[in-house]
Amino acid sequence: EGANIWRLGRLHVEGVSGSGLGYLRVANATQSDIDGVWARVENLRLSWKPLNLIFGDVSLIDASAARLRVLRQPNLAPARGGGGPVEFDTNAPAFAIASLELADGVAGPAATFALSGALRTHREALEALHIDLRRLDKDIDSLRVEFANNGALKLDAELRGAPGGTFAYWLQ
């Protein structure tokens, strides 16, 4: 509660239930910078293995949110010098945001997406990534990525965008 998250500003959480030792639910959370709230999340659920942190492994079994609203781009706090990077291995076999709402100006015109995926890193190297991002309010944008690096690189990606869509805006 009230913690600064990297350069993104202050985190405020409400309706915390469950246990920090494996299952955690947050009814509502906001991220604020010097200009106020820039993002809101509803019904965040985390299922994880906290003892794996002892061994430098962030082990998420499942991470999901019913709704993430990005109201505007954040005003990042100044970078601070100091300690080097913290290295963690990451294993997130399932993450999802049922409704990812980007307000007008965040990444182009206002848009609503569904996001799901999985991620695995080892010593800061990406080993596996699965992303499925599809637009919900208009059938004009979708992205699917499958990446694996297990001795041999494998990449399969499909990006679909139409004029007036988010992806077309990014490519302008």
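Above this text is the structure in question.
So, here is what we can say about the structure in this document. (Residues numbered from 1 in each chain as written. Predicted model: local features only at pLDDT ≥ 70, side-chain atom pairs only at ≥ 80, totals over all residues. Heavy atoms only, no water.)

Next up on the list: the overall build of the chain. The helix and strand inventory of the chain stands at one helix and 10 strands. Secondary structure elements in the chain, listed N-terminal to C-terminal, are β-β-β-β-β-β-β-β-β-β-α. Rg of the C-alpha trace for the chain: 17 Å, near the compact-globule value of 16 Å for 172 residues, within the 12% margin. With the C-alpha coordinates of the chain rotated into their principal frame, the extents come out at 50 × 45 × 35 Å. Long-range contacts, defined as pairs at least 24 residues apart, comprise 43% of the intrachain contacts of the chain with a sequence gap of at least 6. When the accessible surface of the chain is split by element, carbon and sulfur atoms take 58% of a total near 10,500 Å². (Helix = DSSP H or I, 4+ residues; strand = E, 2+ residues; numbered from the N terminus. Rg over C-alpha atoms; globule rule 2.2 N^0.38 Å. Contact = heavy atoms within 4.5 Å. Areas by Shrake-Rupley, 256 points an atom, 1.4 Å probe, with all protein chains shown as cover.)

Moving on, we come to the nonpolar core. Residues Val70, Leu100, Leu102, Phe113 and Leu133 are the most contacted members of the largest nonpolar core, which totals 19 residues. Taken together, the elements giving at least two residues each to this core come down to β3 (23-33), β4 (36-48), β5 (57-70), β6 (89-102), β7 (111-122) and β8 (125-135). The contacts of Val70, once residues within four sequence positions are left out, are Trp38, Ala39, Leu100, Glu101, Leu102, Ala103 and Val106. (Core = buried A, V, L, I, M, F, W, Y, C linked by side-chain atoms within 4.5 Å. Buried < 20%, exposed > 50% of the residue type's maximum accessible area, 1.4 Å probe, protein only.)

So, about the layout of surface pockets. Of the volumes computed, that of the largest pocket is approximately 980 Å³. Of all the secondary-structure elements, those providing two or more residues to the lining of the largest pocket are β2 (9-19), β3, β4, β5, β6 and β7. Among the residues forming the lining of the largest pocket, the class breakdown is 25 nonpolar, five polar and one charged. (1 Å grid on protein atoms, 1.4 Å probe; cavity = no way out; pocket = protein on both sides within 12 Å on 5 of 7 lines; lining within 4 Å. Points joined across faces, edges and corners; volume = space filled by probe spheres on them. Nonpolar A, V, L, I, M, F, W, Y, C, P; charged D, E, K, R; others polar.)

Here the focus is the side chain of Asp33. Among the secondary structure elements, Asp33 is positioned in strand β3. Under the relative-accessibility criterion, Asp33 is labelled buried at 12%. A polar contact is formed between the side chain of Asp33 and the backbone nitrogen of Asp35, at a distance of 2.9 Å. A polar contact is formed between the side chain of Asp33 and the backbone nitrogen of Asn75, at a distance of 2.7 Å. The contact partners of Asp33, leaving out residues within four places of it in the chain, are Leu8, Gly9, Trp38, Arg72, Pro74 and Asn75. (Polar contact = N/O pair within 3.5 Å; in protein donor to acceptor, adjacent residues only side chain to side chain.)

Once that is clear, we can look at the pairing of strand β10 (residues 153-161). Within a regular strand, the side chains alternate between the two sheet faces. The sheet contact formed by strand β9 (residues 141-149) and β10 spans nine bridges and is antiparallel. Across the sheet, the residue bridging to Ala148 is Lys154, located in β10. If you look at the hairpin formed by β9 and β10, you'll find three residues sitting between the two strands, and Gly151 has a positive phi there, around 100°. (Pairing = 2+ DSSP bridges.)

Time to look at the packing of aromatic side chains. Summed over the entire model, instances satisfying the criterion amount to two aromatic pairs. Linked through ring pairs, Phe113, Phe167 and Trp170 together constitute an aromatic cluster. (Phe/Tyr/Trp six-rings, centres within 6.5 Å; stacked < 30°, edge-to-face > 60°.)

All right, on to the side chain of Ser142 then. Along the chain, Ser142 falls in strand β9. Excluding residues within four positions of it along the chain, Ser142 makes contact with Leu133, Arg134, Glu158, Leu159, Arg160 and Phe167.

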